[in-house]
2 protein chains.
Amino acid sequence: MTTTAERHNSKAIVVFKPSGQVVEVEIGTLLSDAAVEAGIPLNLPCGGQGRCGRCRVKVEHGAISHRSGVRLSAAEMEEGWALGCQAVVKGDAVVLVPEQEAIEVEFITQTVGAERIALAAEFSGELDPSVRRAHVTIEPPSLDDQTTDWDRLLRELALQHDIHDVRASLPMLRTLGRDLREADWDVTAILEMGDPALSTCSQPRLIDLLPGDQSDRCYGVAIDIGTTSNVVYLVDLLKGKVVDRASAYNAQISAGEDVISRIIFAGKRDGLSRLQKMVLKTLNGLLEELTSRNQIPARQISKAVVAGNTTMIQLFLAIDPRSIRKMPFIPAISQPLPITAEEIGLNINRQATVDCLPVVGAYVGADITAGVLASDMYDTNALTLFIDVGTNGEIVLGNRDWLITCACSAGPAFEGSGVRHGMRATAGAIEEVWIDHRTYEPTYQTIGQLPARGICGSGMIGLLAEMFVTGILDKGGKIQRDLPTPRVRVGDHGGEYVVVWANQSGIGADIVINEVDIENLLRTKGAIYAGFSVLVQSVGLELADVEQVFIAGAFGQYINVEKAIQIGLLPDMPWDRFHYLGNTSVLGAFYSLLSRPMRREVVELASKMTYLELSADNTFYDQFMSALFLPHTDISAFPSVMRILEGKNE
Amino acid sequence: MTTTAERHNSKAIVVFKPSGQVVEVEIGTLLSDAAVEAGIPLNLPCGGQGRCGRCRVKVEHGAISHRSGVRLSAAEMEEGWALGCQAVVKGDAVVLVPEQEAIEVEFITQTVGAERIALAAEFSGELDPSVRRAHVTIEPPSLDDQTTDWDRLLRELALQHDIHDVRASLPMLRTLGRDLREADWDVTAILEMGDPALSTCSQPRLIDLLPGDQSDRCYGVAIDIGTTSNVVYLVDLLKGKVVDRASAYNAQISAGEDVISRIIFAGKRDGLSRLQKMVLKTLNGLLEELTSRNQIPARQISKAVVAGNTTMIQLFLAIDPRSIRKMPFIPAISQPLPITAEEIGLNINRQATVDCLPVVGAYVGADITAGVLASDMYDTNALTLFIDVGTNGEIVLGNRDWLITCACSAGPAFEGSGVRHGMRATAGAIEEVWIDHRTYEPTYQTIGQLPARGICGSGMIGLLAEMFVTGILDKGGKIQRDLPTPRVRVGDHGGEYVVVWANQSGIGADIVINEVDIENLLRTKGAIYAGFSVLVQSVGLELADVEQVFIAGAFGQYINVEKAIQIGLLPDMPWDRFHYLGNTSVLGAFYSLLSRPMRREVVELASKMTYLELSADNTFYDQFMSALFLPHTDISAFPSVMRILEGKNE
């Protein structure tokens, strides 16, 4: 037994209830870091900035100092409540951790979202994957021919398959002799052929050696690392088909809901490596699901192509992302060099190449270059607007001759963040709403036909549109308080509209939307509209010149174009110009996995894309201010909405 | 407390005295493996084959079964003595480990051997190392130029230094942004430029990024991994000079004195990784010595070129060496592909390339290709015989037009193994001997002028020659027992000759040479002589056609040509045709480190060398049998020896 006196002065013991975990930490450690050491990490949706208030803990005893407690009332502070990310250990303490909001790890594909995000994952081009399987039979060595094991294999690869200059990494060479002899000199060499056109190492690389003839099977994975959701396609490289797919929420959500929060988190002690571990946990879980369901050993997966936004790619590779967030917003690298699965711990063949697609800038990432590839807009004559609204909003405008792009810090409002009853598109989420313009009574539809638990993105767009056209909301986003309905009332956050009464809801409380929520939603939609307005203007065109609009991202899949136009999120043009493409990020990775020419195309189109930095653009702010209104200060740009409003007033 | 009953049946506890270390091991574990787990590895000079008897331990209590105890007497077995490598744990036991024969880790360079192995380590060619240092000043990023960190660095390397297509590994990219910013965009890039002429990856690779202008210093190391000794040269790559050197015994000696014992050891549980750790311990010790003595941080060492025999290279890389030992004797690889220091744990710059020179066959390794490079014999018209006698014997014959090589399993007799009072060339070793042909009394010289502790290789050659020409030994290697001197007597191993009486020796006992020792020495010298005889014959020439003889290896440095001819180790030809080259292995590595054309030359000469497998050669056995005599059955091939013997008889 050591007494307090015996222990070193600079350390303190913290007991976490109810689990009873005990850790000894340096005095000055953040309580949230101490919780990590105790193995019970707190959720930090805002990345530990002390803004969201979700990491609250109760200090039952001991010395903790508070840096800030903005989300706590005086009474709560009095009771001992503190924000884990803002509380500093000053001495021994006992801390109660309330039950953590579980991160939903249900696999979207397998449950409610399956059909919704189903894509036409087909590849009609010529198959030319970078992975090759070469079956070779080799003359065993003898005293007359003492050629080394490696040179003997190389000789046959050249003779039987015309493959030359093959390299191998040390782990392959270590077991080469045993592998060849155990297979009785009859083996299938798995080779990453590289690509001389890419400025990465262009020589073939041996990634595995399997006994006998196994040249009839060859798999790879296409991965999309979204800020919110991760998706993995298991792909048959010989047939060019998706064998199966799986998706799940990115486990990094517990460290921040948007990329900025994650970057802040990455700057904390071990933050970067913890974030990398989180996303690998998610991806390896999906890989485990796919390999076991399809009875394909992980070792048979010989390549991964990865898309995702710039921050997600850097966190996946554990490359310090801090300069992405700071002016002038610089990523570490535009084309990450190929690495092996072993180097980062992705559970496929250890020597398989993990190939991350190129990024354009800090906020236009590999998800967008992959998306442009998948959308084919780089190869069309029609002036095309490509919009990807996810946790961030990215926009690309152009055609086969030119491409211009920008990112708007849309924020994750449509994914449920910053909206009191917002939630992601999972079971119980209100996804469609209609409001009677006389009674102001809503009808709605939930995912899975379950009692409503909250409102997802498409539901919020529908709700805003309906509230606007029925006159509950004015142009400025304010709720008309004098309407003859109990559903409109004043709450803690100004005016609010009750969508579901407590007795009908799945959460035992009223589900409402309030003016603060609406302000956040309008800021998001305003940023997106201002983004593409500025893009179009910057090349001397008008929105009316746009011949087609591609909407990408899982979110885009669900939104109702009519409603999105009514709130001024999308430009007012004939509906048949809009096309939902679904998750183009994973689709671009899938194409790049199957075809080296397509992979080269991503590099080319990425270098062709002109990046417009909105924060350096004077017209953006004006456009943004105009777009904060419903649908816009310039109602003449929205003739279809004008007609509805006029019809209502008749 | 757990009682025996509670523990799992399949485990047993072994207590090692005198240290008192306790380990729990599976029943069936070898005692030598249990000792490793206890952190007190036993010396296994024969590689754990139960042949040398040096791993003896005393089982004081408990259940141990003996597989074999060939070196133990019945009385010793009765007392509980066992061979650690042959004793199997059957239950709980208490074992006494006698004091282990310490492996001498004194640094040869720093102590007695310093001047002796001093080489003309100079490089007169054109400096063209593969490592480049490029100082670049970079325009910081701005909103007007958001080029990524990596592309920004690449741009300046191309503009300011004409270096293109640079690659980097993930660890470099992870800290790139921070490194550039902390250095205020003024950095020195350390690049491994590769070599397009070698079939390894030919693109430049960034291995480090240092702040400010550090282009005025650039270091590398040339390494020779001998079976017995390891040597490291610290090299200034800008000046082309050896800054310092250090050497030490290879720590693997405790796992076997020759390559065959090491290969056997490598086949044991964890044997391969333990052997790799041992040699890395030795090399990292030497690096530590060099970096601290010269105040050069390990990070500043940007490249290592490594030479060594085939087994040493494979053990260094932890590549399974078993097929080297088994018919038809096949190495895993002839030209190991470059790896990074980090991959194997060599303590220089983590990203530095570790480049192992090519091998020719199982028993003609990179020490020989390096040696041929250093000797310049690949570029001469004169018919040259190159002999490297170390723990093994390798021979090369040829000139600029052709090269033929073979290896003879000479055995480490001249390094002290298999000779009762043999020892390595360290303090107290008898290195020269003269015997009075009338009194048979010897005079001798020891290294360091210390009381004699044993006889090293050059001493054994001198002793054999003197014993032969004074008539103590007959042609067949038998000691004449009827001589009028107490120095000739009969001991446990037949006739013996006392070189040093106990009262004058440094070991408190007589130092003798006996007929078994002599048999071993004759076998070694016979194998070497037979080797080069067969080589010369195989190309239709005679020994007399040889215009120069190069003797390489630390051992070659000390031997007296006259005496070596007298015992028939070297061919009888004018002494001025013999040249001592010293450690050509490290010298070849040194040249390859400084010059890419020289490095290419090693590959070329390695591929030019024809490997003659002696075990497949019918004439070798006949030649060997003839060469087992003093100096040879065909005395006419040794006219100078004939003259001496005739002179004696007159």
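Above this text you will find the structure in question.
### Details of the side chain of T405(A)
Residues and elements named next belong to chain A. Locating T405 in the fold gives a position in strand β18 (residues 403-408). Residue T405 is classed as buried on the basis of its relative accessible area, which comes to 0%. Of note is the side chain of T405, whose polar atom sits 2.8 Å from the backbone oxygen of I395. Those residues in contact with T405 that lie beyond four places of it in its chain are V360, V364, I395, V396, L535, M609, T610, Y611 and L612.

### Observations concerning the sheet that holds strand β3 (residues 56-66) of chain B
All names here are of chain B. Here we have five strands laid out as an open sheet, ordered β2-β1-β5-β3-β4, and mixed in their pairing. Because the sheet does not close on itself, it has two edges, and the strands there are β2 (21-26) and β4 (81-83). On average, each strand axis in the sheet is tilted by 45 degrees relative to the strand beside it, whichever way the strands run. The pairing of strand β1 (residues 11-17) with strand β5 (residues 87-96) spans four bridges and is parallel. The residue of β5 that forms the bridge with F16 is V95.

### Describing the environment of S592(B)
Residues and elements named next belong to chain B. Residue placement: S592 occurs in helix α15 (residues 584-594). Exposure remark for S592: the relative accessible area of 6% places this residue in the buried category. Setting aside residues up to four positions removed in sequence, S592 forms contacts with V305, L357, L373, R599 and V602. At 2.8 Å, the side chain of S592 and the backbone oxygen of G588 are in polar contact.

### Thoughts on the packing of helix α11 (residues 457-469) of chain B against helix α12 (residues 515-538) of chain B
Residue and element names in this part refer to chain B. With their axes 12 Å apart at the nearest point, α11 and α12 run at an angle of 105 degrees to one another. Looking at the two axes, α11 sits roughly perpendicular to α12. On α12, the residues touching M460, L464 and M467 of α11 are I518, L521 and L522. Of the residues in the contact of α11 with α12, the class split is six nonpolar, no polar and no charged.

### Here's the deal with the pairing of strand β25 (residues 548-552) of chain A
Residues and elements named next belong to chain A. Most of β25 sits out of view: five of its five residues are buried. Bridge count for strand β16 (residues 384-389) against β25 is five bridges, and the pairing is parallel. Its bridge partner being in β25, F386 is matched across the sheet by F550. Sheet topology places β25 next to strand β26 (residues 578-582); four bridges connect them, and they run parallel. By the bridge assignment, I551 is partnered in β26 with Y580.

### Observations regarding the pattern of salt bridges
All names here are of chain B. According to the stated counting rule, one finds 60 salt bridges over all chains in the structure shown. A salt bridge links R155 to D145; the nearest nitrogen and oxygen atoms lie 3.0 Å apart. Residue R155 is found in helix α3 (residues 149-161), and its partner D145 is found in the loop between β6 (131-137) and α3; the two are separated by ten residues along the sequence. A salt bridge links R599 to D355, with the nearest nitrogen and oxygen atoms 2.6 Å apart. Of this pair, R599 sits in helix α16 (residues 596-608) while D355 sits in strand β15 (residues 353-356), and the two are 244 residues apart along the sequence. In terms of burial, R599 and D355 fall into one category: buried.

### Here's the deal with unusual backbone geometry
Excluding glycine, residues mostly have negative phi values, and the peptide bonds linking residues are mostly trans. Backbone torsion omega between M327(A) and P328(A) reads -5 degrees, so that peptide bond is classified as cis. Along the chain, the position of P328(A) falls in the loop between α8 (322-325) and β14 (339-340). Residues other than glycine seldom take positive phi values, yet D184(B) does so here, at roughly 55 degrees. With respect to the helices and strands, D184(B) occurs in the loop between α4 (170-182) and β8 (186-192). Accessibility expressed as a relative area gives 60% for D184(B), which makes it exposed. Not every positive phi belongs to a glycine, and Q449(B) is a case in point at roughly 50 degrees. Relative to the helices and strands, Q449(B) is located in the loop between β20 (442-446) and β21 (454-455).

### Describing the relation of the copies chain A and chain B
The pair of chain copies shares a relation made of a rotation about an axis and a shift along it. By a simple turn and slide, chain A fits onto chain B: the slide is 0.1 Å along the axis, the RMSD is 0.2 Å, and the turn is 180 degrees. Those values place the two copies in the arrangement expected of a two-fold rotation axis. Looking at chain A, 100% of its interface residues are interface residues in chain B too, so the copies touch through the same face.

### Considering the packing of aromatic side chains
Scanning the entire structure with this criterion turns up 14 aromatic pairs over all chains. Ring centres 5.6 Å apart and planes at 50 degrees place the aromatic pair F123(B) and Y591(B) in the tilted group. In this pair, F123(B) is assigned in the loop between β5 and β6 and Y591(B) in helix α15, connecting sequence segments 468 residues apart. For the pair F123(B) and Y591(B), a shared accessibility class is recorded, and that class is buried. Note on F620(B) and F624(B): the rings are 6.1 Å apart at their centroids and 10 degrees apart in plane angle, and the pair reads as stacked. Here F624(B) and F620(B) lie together in helix α17 (residues 618-626), a separation of four residues that amounts to about one turn. Grouping residues by exposure puts F620(B) and F624(B) together as buried. Clustering of aromatic rings is evident, with ring pairs tying together F123(A), Y233(A), F590(A) and Y591(A). Against the face of W81(B) rests R56(B), its NZ or CZ located 5.7 Å from the ring centre. Lying over the aromatic face of Y233(B), R245(B) brings its terminal NZ or CZ to 5.4 Å of the ring centre.

### Overview of the sheet that holds strand β23 (residues 494-500) of chain A
All names here are of chain A. Pairing in this open sheet of three strands is antiparallel, and the strands run β22-β23-β24 from one edge to the other. Since the sheet does not close on itself, it has two edges, and those belong to β22 (488-491) and β24 (511-514), each with one partner. Put simply, the sheet's adjacent strands are angled 45 degrees from each other on average, direction ignored. Pairing geometry for β23 and β24, over four bridges, is antiparallel. Along β24, the bridge assignment pairs E496 with N514. Here helix α12 (residues 515-538) sits on the sheet and contacts β23 and β24; the angle it forms with β24, its principal contact strand, is near 65 degrees.

### Regarding the side chain of Q566(B)
One can find Q566(B) in helix α14 (residues 561-566). Once residues within four sequence positions are removed from consideration, Q566(B) is found in contact with A465(B), F468(B), V469(B), P631(B), V641(B) and I644(B).

### Looking at the state of the cysteines
Residue and element names in this part refer to chain B. In the structure shown here, the tally under the stated rule is zero disulfides over all chains. With no disulfide of its own, C218 lies 19 Å from the sulfur of C356, the closest cysteine sulfur. In this structure C218 comes out as buried when scored by relative accessible area, which is 2%.

### Some thoughts on the environment of Y611(B)
With respect to the element layout, Y611(B) can be found in strand β27 (residues 609-611). By relative accessible area, which is 18% here, Y611(B) ends up buried. Considering only alpha carbons, one finds Y611(B) and Q335(B), 276 residues apart in sequence, at a separation of 16 Å. Not counting the four nearest positions on each side in its chain, Y611(B) is found in contact with Q146(A), V360(B), G361(B), A362(B), Y363(B), V364(B), T405(B) and C406(B).

### Some words on the packing of helix α5 (residues 259-266) of chain B against helix α6 (residues 271-294) of chain B
Residues and elements named next belong to chain B. Closest axis-to-axis distance for the α5/α6 pair is 7 Å, and the angle between their directions is 125 degrees. Relative to α6, the element α5 is oriented oblique. Of α6, the residues touching α5 (which contributes R262, F265 and A266) are G271, L272, R274, L275 and M278. Tallied by class, the residues present in the contact of α5 with α6 amount to five nonpolar, one polar and two charged.

### Thoughts on α3(B)
Between its first and last C-alpha, α3(B) extends 18 Å over 13 residues, near the 18 Å set by a 1.5 Å rise per residue. For α3(B), every residue scored as buried is listed here: D149(B), W150(B), R152(B), L153(B), E156(B) and L157(B). Down the axis of α3(B), the smallest arc covering the buried residues is 160 degrees, so these residues share one side. Against α8 of chain A together with β6, β7 (167-168), α4, β8 and β9 (205-211) of chain B lie the buried residues of α3(B). Downstream of α3(B) by a residue or two, D162(B) has a phi angle that is positive, lying close to 60 degrees.

Parameters and conventions
- Residues numbered from 1 in each chain as written.
- Chains lettered and ligands numbered in written order.
- Predicted model: local features only at pLDDT ≥ 70, side-chain atom pairs only at ≥ 80, totals over all residues.
- Heavy atoms only, no water.
- Helix = DSSP H or I, 4+ residues; strand = E, 2+ residues; numbered from the N terminus.
- Buried < 20%, exposed > 50% of the residue type's maximum accessible area, 1.4 Å probe, protein only.
- Polar contact = N/O pair within 3.5 Å; in protein donor to acceptor, adjacent residues only side chain to side chain.
- Contact = heavy atoms within 4.5 Å.
- Pairing = 2+ DSSP bridges.
- Axes fitted to C-alpha atoms, helices over the stretch in contact; angles between N-to-C directions.
- Parallel < 35°, antiparallel > 145°, perpendicular 65-115°, else oblique.
- Nonpolar A, V, L, I, M, F, W, Y, C, P; charged D, E, K, R; others polar.
- Salt bridge = Lys/Arg side-chain N within 4 Å of Asp/Glu carboxyl O.
- Least-squares fit on C-alpha atoms with pLDDT ≥ 70 in both.
- Phe/Tyr/Trp six-rings, centres within 6.5 Å; stacked < 30°, edge-to-face > 60°.
- Lys NZ or Arg CZ within 6 Å of the ring centre and 35° of its normal.
- Disulfide = S-S within 2.5 Å.
- Expected span 1.5 Å × (residues − 1).
- Arc of directions from axis to C-beta.

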